[in-house]
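# Residue-level structural notes
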Amino acid sequence: MNYHQYYPVDVVNGPGTRCTLFVAGCIHQCRGCYNKSTWSLTSGKPFTQEMEDQIIADLQDSRIKRQGLSLSGGDPLHPQNLSAILKLVLRIKTECPDKDIWVWTGYLLADLTPEQQEVVNHINVLIDGKFVQELYDPALLWRGSSNQVIHKLK
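Cut-offs and rules
Residues numbered from 1 in each chain as written. Predicted model: local features only at pLDDT ≥ 70, side-chain atom pairs only at ≥ 80, totals over all residues. Heavy atoms only, no water. UniProt positions renumbered as here; feature names shortened; annotations may be inferred. Helix = DSSP H or I, 4+ residues; strand = E, 2+ residues; numbered from the N terminus. Rg over C-alpha atoms; globule rule 2.2 N^0.38 Å. Buried < 20%, exposed > 50% of the residue type's maximum accessible area, 1.4 Å probe, protein only. Pairing = 2+ DSSP bridges. Contact = heavy atoms within 4.5 Å. Expected span 1.5 Å × (residues − 1). Arc of directions from axis to C-beta.

Under an unreviewed UniProt entry, the name given to the chain is Anaerobic ribonucleoside-triphosphate reductase-activating protein, and the source organism is Proteus cibi. One UniProt comment on the chain, placed under Function (unreviewed entry), says "Activation of anaerobic ribonucleoside-triphosphate reductase under anaerobic conditions by generation of an organic free radical, using S-adenosylmethionine and reduced flavodoxin as cosubstrates to produce 5'-deoxy-adenosine." Looking at the chain in UniProt, the text filed under Sequence similarities (unreviewed entry) is "Belongs to the organic radical-activating enzymes family."

Below, the structure is given as C-alpha cells:
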C-alpha cells in the first residue's frame, strides 16, 4: 500500500484530535474529488512498518491525547489496500483499544466484499458512498455530498 499524507495531529477529519492517514488508490474517481492526486495506486510513498509504528506511537502519546485514527484517501477499502489496512486496524484494536477508527470509502456498506467487510468489522465509523458533485453541501459534517452516509458501527 502507498500513502500520500499522514497527519499526526488533525482536528478536521472526524471528532476530537486524531491521527489521519490518506492512502493511495481509488477506482471511483468521482467528478469534483478534492483529492485526485491519490487515485493512482502507485502514487505517494510506500506505507512501511516504520510508518505503522509511528501511528501507534502517536495514538499512545499522552502529551497530545488523540481520540483515534481516520483513514481516507484514495480509498482505504481499495482491494489492493485491504491487507495493510486490516493489519493496521487490528494492531490499533490490540495496542490502542480506547481509540476509535473512522474510514471513508466510495464503496457502499451493503455492497462490500467479504474482505472489505472484514476491515469494517473492526472499525467504529464508516462513511460510505461516492462523492456526487451535484449533491455537494459544505454544511455537511465529515462528508462532502448528501448521498454519503455516516454509519456508526460500534
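### Quick notes on the overall build of the chain
Each helix and strand counted, the chain has 3 helices and 7 strands in total. Counting from the amino terminus, the chain carries its helices and strands in the arrangement β-β-β-α-β-α-β-α-β-β. Here the C-alpha atoms of the chain give a radius of gyration of 14 Å, agreeing with the 15 Å that 2.2 N^0.38 yields for 154 residues. Oriented by its inertia axes, the alpha-carbon framework of the chain measures out at about 40 × 30 × 30 Å.

### Observations regarding the pairing of strand 2 (residues 18-23)
Strand 2 sits mainly inside the fold: 6 of its 6 residues count as buried. Burial along strand 2 is two-sided: Arg18, Thr20 and Phe22 facing one way and Cys19, Leu21 and Val23 facing the other are all buried. Taken together, the 5 bridges between strand 1 (residues 2-10) and strand 2 define a ladder with antiparallel strand orientation. Bridge pairing in strand 2 places Tyr6 opposite Leu21.

### Observations regarding the environment of Leu21
As for its position among the elements, Leu21 is in strand 2. Distance from Leu21 to Ser62, taken between C-alpha atoms, is 20 Å for residues 41 residues apart in sequence. With sequence-adjacent residues up to four places away left out, Leu21 is seen in contact with Met1, Tyr3, Gln5, Tyr6, Phe47, Ile55, Leu69, Ser70, Leu71, Ser72 and Leu88.

### Observations regarding the sheet that holds strand 4 (residues 68-72)
The pairing of strands in a sheet happens through backbone hydrogen bonds and is either parallel or antiparallel. Ordered by their spatial adjacency, 7 strands build an open sheet running 3-1-2-4-5-6-7, and the pairing between neighbours is mixed. What marks the edges here is a single partner per strand, and that holds for strand 3 (45-46) and strand 7 (149-152). Pairing of strand 5 (residues 100-104) with strand 6 (residues 125-128), which is carried by 3 bridges, proceeds in the parallel orientation. The residue of strand 6 that forms the bridge with Val103 is Leu126.

### Quick word on helix 1 (residues 49-60)
With 12 residues, helix 1 ought to run about 16 Å at 1.5 Å a step, and its terminal C-alpha atoms sit 17 Å apart, in line with that. Buried within helix 1 we find Met51, Glu52, Ile55, Ile56, Asp58 and Leu59. Looking straight down helix 1, one finds that the buried residues subtend no more than 165 degrees of arc, so they occupy a single side. Looking at the buried side of helix 1, the elements it contacts are strand 1, strand 2, strand 4 and helix 2 (82-95).

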